[in-house]
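One letter stands for each residue in the lines below.
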Amino acid sequence: MKKIAEVKQPMIGLYHLPVVLVTCCDEEGRPNIIPIGWVGGVCSNPPQVGIAVRPRRFSYKLIERMGQFVVNIPEERLLDVVDKTGFSSGGKVDKFEKFGLTPLPASKVKPPLIEECSVNLECLVRHALNLGSHTFFVGEIVAVHADEEILKENGEIDYTRLKPIVLKHDEYCGMTLPLGWYGFTKYKKRVVNEVY
Ligand SMILES: Cc1cc2nc3c(=O)[nH]c(=O)nc-3n(C[C@H](O)[C@H](O)[C@H](O)COP(=O)(O)O)c2cc1C
């Protein structure tokens, strides 16, 4: 196949993004929610996750000041809420109240979990890297919560039962059809996934 040398100017060519709802709060515990597409696991030990946030977001100041956030994984059934929370600001509305979500106390950080999200990762900010248009907050995961229904018998999260949302450029998609498992070209059986 012929490769076109330069499609356009340099840009983010990676546009299939998992979408999460990040919660944060102020000193009085007033919570806010921001959907984030630029998110990813960045280190397994200690476990860390990174989120890229524009400084002009209301949530940015809360995360910067408090040094804490929670990554909540929404599933397909929450698609409306994901989009709506991205087009309103916590500086003007209480998004929990407006969009009918339930805040639950976290165990180790101040921002609340979102009850309606099946998995919740409590994070303490370890690094804040100013990259230009966005700041990359790296949070150490200090506690993980999950809905009972998606747990396996051994207590681990069964990710095959999750229906997360992916943003492909400007289109939300589901990703429920499994294509293969990690290491299937090398091993006969599934391998533990903490290896990468
Ligand atoms: C699906 C989706 C993904 C988004 N991803 C990001 C992101 O990665 N970083 C960011 O700064 N804003 C992102 N936004 C925009 C913010 O969520 C949006 O500006 C939001 O209203 C900010 O809320 P706040 O003012 O309460 O902080 C995204 C919005 C949507 C709908």
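Further up the page is the structure itself.
Residues numbered from 1 in each chain as written. Predicted model: local features only at pLDDT ≥ 70, side-chain atom pairs only at ≥ 80, totals over all residues.

## A look at the overall build of the protein chain
Piece 1. The helix and strand tally for the protein chain stands at three helices and twelve strands.
Piece 2. For 196 residues, the compact-globule formula gives about 16 Å, and the C-alpha radius of gyration of the protein chain, at 18 Å, lands near that figure.
Piece 3. Across its three principal directions, the C-alpha atoms of the protein chain cover 50 × 50 × 30 Å.
Piece 4. In the protein chain, which comprises 196 residues, the proportion classed as buried is 27%.
Piece 5. For the protein chain, the proportion of contacts with a sequence separation of at least 24, taken over those separated by at least 6, is 60%. (Helix = DSSP H or I, 4+ residues; strand = E, 2+ residues; numbered from the N terminus. Rg over C-alpha atoms; globule rule 2.2 N^0.38 Å. Buried ≥ 20, exposed ≤ 12 C-beta atoms within 10 Å, placed from the backbone. Contact = placed C-beta atoms within 7 Å.)

## Observations concerning the pairing of strand 12 (residues 171–174)
Piece 1. Bridge count for strand 11 (residues 165–168) against strand 12 is four bridges, and the pairing is antiparallel. Bridge pairing in strand 12 places lysine 168 opposite glutamate 171.
Piece 2. A loop of two residues connects strand 11 with strand 12, the two strands running antiparallel in sequence, and histidine 169 in this loop sits at a positive phi of about 60 degrees. (Pairing = 2+ DSSP bridges.)

## Looking at the environment of tryptophan 181
Piece 1. For tryptophan 181, the location among the structural elements is in the segment after strand 12.
Piece 2. On a C-alpha basis, the gap between tryptophan 181 and valine 191 in space is 8.7 Å, while along the polypeptide they are ten residues apart.

## Overview of the sheet that holds strand 6 (residues 68–73)
Piece 1. With respect to topology, seven strands assemble into an open sheet ordered 3-2-6-9-10-5-4, the strand pairing being antiparallel. The open sheet is flanked by strand 3 (31–36) and strand 4 (39–44), the only strands paired with a single partner. Along the sheet, successive strands turn relative to each other by an average axial angle of 35 degrees, direction set aside.
Piece 2. Bridge analysis of strand 9 (residues 119–130) against strand 10 (residues 135–146) gives eleven bridges, and the strand direction is antiparallel. From the neighbouring strand, cysteine 123 faces strand 10, where its bridge partner is isoleucine 141.
Piece 3. Helix-sheet contacts for helix 1 (residues 58–66) involve strand 2 (20–25), strand 3, strand 5 (47–53), strand 6, strand 9 and strand 10, and the interaxial angle to strand 2 is about 60 degrees. (Axes fitted to C-alpha atoms, helices over the stretch in contact; angles between N-to-C directions.)

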